[in-house]
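What follows is the residue order along each chain.
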Amino acid sequence: MNLIKTIFKELKYFLILWLTQALSQLGSSMTNYALIVWSYTSNGSALTTALLSVCSYAPYVIMSIFAGSLSDKWNKKGTMLVSDTFAALCTISIFVLLKTGRLEIWHLYCLNALNGLMNTVQQPASDVAITLLTPKKHYQRVSGLRSFSNALISILTPIIATAVLSFTNMQIIIFIDLFTFVIAFISLIFFIKIPEYKSDKNADSFLTLTKSGLTYLKQNRGILDLILFLACINLIASMYNAAFPAMILSKENGGEIALGTVNAFIGASTLIGSIIASLMPAPKSRVKVICNALLIAMSTENFFLAFGKTLPLWCVGGVLGWLCIPLMNANMDVLFREHIPVRMQGRVYAARNTFQFFTIPLGYILGGFLVDKVFEPFMEKHNTAALSVLFGTGKGSGAAFLFLFLAFAGIGVCLIFRKDKYIWKLE
């Protein structure tokens, strides 16, 4: 009990920030989910709906590399408050347009793009604030808690949002979103004290600070190569995300219920992995944990999806593929916080967001193209007895065939970066 009391005392401000921001994130996720439902039911187009995510993501990826220097120069609490307020104003705008019957899809595109632009400053400021609020010995525990809340939000969002939409309407969801924002806003103003630190507020110009973040990555190859490692993994993972629903929904034993069941198992395994990451002691080699976790993820789930033809096998694959991901995230987060100076974390994290995440939209496009234009047509024309035994027949068999290639691609990436001497120097 004394140990628990000590941990709570040392992490008091972080826990308040974490809980209130997670609550606000749940409200925002419910609104985004409801808007996706509204978009698809209004337009009936998957592409139109997918562009909502593209509009949010594109400014974030493109502008992050520049916004990090602003985050380092500005006050962290002020940056977070302004960004959260701007997001709330966008939500209010949606409510007004919805209430007056004027809401159109292009309104959402514009508002999502503006929100994505603000996130380029808010996200690195939040990451640095967590570093300032957390004693070094608790970095791994804190990262595990953040993974836990993210996994819980991903599970709860569709459940709560669907229930609210069934009994009320989208306006109630927006009210919930704004209510959670108020809680997080008041908590951040009055109950969280973010320590001050020596920054580059007046030292250099905006462009100089931006360049210094890129220079830091160039001079610290271990951090840069770790980011590039994750960029390659994200490319494969986003191709997986594009092919996953296409296969599960099309297979003979699949469908919407099967897709929801597999996603539920994935969410549960991520929760368990997050708890393990929060409670386990610091490993002797964080780099080894990162490499092994990604190797296990890449070499298990993709094979189960490629060769599995029943729901239980897909669920087992989902659990094996995602159980270790929180361990990877926690240890990578610790390496970043320990090696990157606090005064530079904003711009370095922002540069990381650009380099590590730009492959995600590319992977979605490439994965969708390969399923629709390459693998499905191939299996339709050349589905031999051997291929049908391995991947099944009919629609969905081409996506299953793609998972086999993704498995070998993921294993290859892990083995290549496992030999990177610069990453091992981070130990």
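Only a predicted model underlies this, so the values are computations on that prediction, with no experimental measurement involved.

What counts and how
Residues numbered from 1 in each chain as written. Predicted model: local features only at pLDDT ≥ 70, side-chain atom pairs only at ≥ 80, totals over all residues. Heavy atoms only, no water. Helix = DSSP H or I, 4+ residues; strand = E, 2+ residues; numbered from the N terminus. Rg over C-alpha atoms; globule rule 2.2 N^0.38 Å. Contact = heavy atoms within 4.5 Å. Lys, Arg positive; Asp, Glu negative; His and termini not counted. Charge placed at Lys NZ, Arg CZ, Asp CG, Glu CD. Salt bridge = Lys/Arg side-chain N within 4 Å of Asp/Glu carboxyl O. Buried < 20%, exposed > 50% of the residue type's maximum accessible area, 1.4 Å probe, protein only. Phe/Tyr/Trp six-rings, centres within 6.5 Å; stacked < 30°, edge-to-face > 60°. Lys NZ or Arg CZ within 6 Å of the ring centre and 35° of its normal. Axes fitted to C-alpha atoms, helices over the stretch in contact; angles between N-to-C directions. Parallel < 35°, antiparallel > 145°, perpendicular 65-115°, else oblique. Left-handed = near helix turned anticlockwise from the far one by under 90°. Nonpolar A, V, L, I, M, F, W, Y, C, P; charged D, E, K, R; others polar. Disulfide = S-S within 2.5 Å. Core = buried A, V, L, I, M, F, W, Y, C linked by side-chain atoms within 4.5 Å. pLDDT = per-residue confidence, 0-100.

Asks: Before we move on, could you go through the overall build of the chain and cite the residues and values that matter?
Replies: Along the chain, the regular secondary structure elements total 18 helices and zero strands. Radius of gyration (C-alpha) of the chain: 22 Å, near the 22 Å computed for a compact globule of 427 residues. By principal-axis analysis of the C-alpha atoms, the chain measures approximately 70 × 60 × 50 Å. In the chain, 84% of the contacts between residues at least 6 apart in sequence involve partners at least 24 apart. Computing the positive centroid from 34 side-chain charges and the negative centroid from 20, the chain places the two 8 Å apart.

Asks: Hey, could you go over the pattern of salt bridges for me, with residue numbers and the actual values?
Replies: Under the defined criterion, the tally for this structure stands at five salt bridges. The salt bridge partner of Lys137 is Glu10, with a shortest N-O separation of 3.2 Å. Here Lys137 is found in the loop between helix 5 (105–133) and helix 6 (139–167), whereas its partner Glu10 is found in helix 1 (residues 2–10), with 127 residues between them in sequence. Residue classification places Lys137 among the exposed positions, given a relative accessible area of 61%. Residue classification places Glu10 among the partly exposed residues on the basis of a relative accessible area of 28%. One salt bridge in this structure joins Asp127 and Arg146, with 3.2 Å as the shortest N-O distance. Of this pair, Asp127 sits in helix 5 while Arg146 is found in helix 6, placing the two residues 19 residues apart along the sequence. Given the relative accessible area of 4%, Asp127 is considered buried. Residues joined in a network through salt bridges with shared partners are Asp127, Arg146 and Arg352.

Asks: Please provide a residue-by-residue account of the packing of aromatic side chains, values included.
Replies: To describe a pair of aromatic rings, one takes the distance between the centres and the angle between the planes. A complete count under the given rule lists 15 aromatic pairs for this structure. Taking the centre distance of 5.5 Å and the plane angle of 85° together, the rings of Phe303 and Phe408 count as edge-to-face. Here Phe303, found in helix 11 (residues 286–307), pairs with Phe408, found in helix 17 (residues 397–418); they are 105 residues apart in sequence, far enough to count as distant. Residue classification places Phe408 among the exposed positions, given a relative accessible area of 53%. When the ring centre of Tyr13 is taken as origin, the NZ or CZ atom of Lys12, which lies over that ring, is 4.8 Å away. Positioned over the ring face of Tyr422 is Arg221, at 4.3 Å from the centre of the ring.

Asks: Please give an account of the packing of helix 4 (residues 76–99) against helix 7 (residues 170–190) that cites residues and values.
Replies: It is the contact of helix 4 with helix 7, at a shortest axis distance of 10 Å, that shows an interaxial angle of 165°. Judged by the inter-axis angle, helix 4 sits roughly antiparallel to helix 7. Crossing angle aside, the handedness with which helix 4 passes helix 7 is left-handed. Here Lys77, Met80, Leu81, Asp84, Thr85, Ala88, Thr91, Ile92, Ile94, Phe95, Leu98 and Lys99 of helix 4 come into contact with helix 7, specifically with Met170, Gln171, Ile174, Phe175, Asp177, Leu178, Phe181, Phe185, Leu188 and Ile189. Classifying every residue of the contact of helix 4 with helix 7 by side-chain character gives 15 nonpolar, three polar and four charged.

Asks: Would you mind going over the state of the cysteines in detail, with residue names and values included?
Replies: Considering all chains together, one arrives at zero disulfides under this definition. Take Cys90: it sits in no disulfide, and the sulfur closest to it among the cysteines is that of Cys110, at 10 Å. The buried category is assigned to Cys90, whose relative accessible area is 4%. Residue Cys291 stays outside any disulfide, its sulfur separated by 7.4 Å from that of Cys414, the closest cysteine.

Asks: I'd like a description of the nonpolar core, backed by residues and values.
Replies: Residues Phe229, Phe244, Leu294 and Phe403 are the most contacted members of the largest nonpolar core, which totals 61 residues. Beyond its immediate sequence surroundings of up to four residues, Phe403 is in contact with Tyr240, Ala243, Phe244, Met247, Asn302, Leu305 and Ala306. In this structure, Ala34, Leu52, Ile94 and Ile153 belong to the second largest nonpolar core, which totals 25 residues.

Asks: Provide a residue-level description of the confidence of the model for the chain, including the pertinent values.
Replies: When pLDDT is averaged along the chain, the result is 86, and 95% of the positions lie at 70 or above. For the chain, the element scoring lowest by mean pLDDT is helix 3 (residues 46–73), at 72; helix 18 (residues 421–424) scores highest, at 95.

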